[in-house]
Amino acid sequence: MGHIKLKKAGTAFDIASADGVISVKEVSNNIVIAYSGSAKTTIASTGGNLTQADVQLVVDAIDIMDGAAGPGKLVKLSQTDLTVTGASL
């Protein structure tokens with residue numbers, strides 16, 4: 001399974017799957033990655049808003065993975081106080 005790494009404060013990071021992605025978009029200042037199979041990952045910032053430029057960084061990182069296995073590059077978004085959660089659509 002391929003994934004992208006999301007830079008957090010200090011040396012911490014979180015991950016999000018890069019497999020089966022059907023859309024990546026900004027929703028209410030969060031980034032929502034939707035997957036085939038009715039699942040989603042939400043990337044949120046507790047201290048600021050994520051932007052369309054952040055969405056593009058995530059899309060670019062997922063594009064680099066393009067079905068590959070293993071870790072992708074570390075993505076540095078405009079905010080580092082991130083929470084990453086998964087849920088059903």
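Details of the structure are given in the entry above.
Presented here is a report on the structure given in the accompanying data block.

So, how was this worked out
- Residues numbered from 1 in each chain as written.
- Predicted model: local features only at pLDDT ≥ 70, side-chain atom pairs only at ≥ 80, totals over all residues.
- Heavy atoms only, no water.
- Helix = DSSP H or I, 4+ residues; strand = E, 2+ residues; numbered from the N terminus.
- Buried < 20%, exposed > 50% of the residue type's maximum accessible area, 1.4 Å probe, protein only.
- Pairing = 2+ DSSP bridges.
- Patch = residues over 30% accessible without salt bridge, like charges linked within 9 Å, V, L, I, M, F, W, Y side chains within 5 Å.
- Areas by Shrake-Rupley, 256 points an atom, 1.4 Å probe, with all protein chains shown as cover.
- Salt bridge = Lys/Arg side-chain N within 4 Å of Asp/Glu carboxyl O.

**Quick word on unusual backbone geometry**
Phi angles above zero are rare outside glycine, and S28 is one such case at about 50°. Tracing the backbone shows S28 in the loop between β3 (21–27) and β4 (30–35). Look at S38: it is not a glycine, yet its phi comes out positive at around 65°. With respect to the helices and strands, S38 occurs in the loop between β4 and β5 (39–45). Residue classification places S38 among the partly exposed residues on the basis of a relative accessible area of 47%.

**As for the environment of H3**
Relative to the helices and strands, H3 resides in strand β1 (residues 2–7). Along the sequence, H3 and I33 sit 30 residues apart, while their C-alpha atoms lie 12 Å from each other.

**Observations regarding the pairing of β1**
Counting buried positions along β1 gives five out of six residues, so the element sits mostly inside the fold. Between β1 and strand β2 (residues 13–17), which follow one another and run antiparallel, lie five residues, and G10 among them has a positive phi close to 65°.

**Some words on a nonpolar patch on the surface**
Nonpolar side chains collect at one region of the surface, where F13, I15 and L74 lie side by side and expose about 260 Å² of accessible area between them. F13 sits in the partly exposed class, given a relative accessible area of 43%.

On their own, these measurements won't tell you what the molecule is for.
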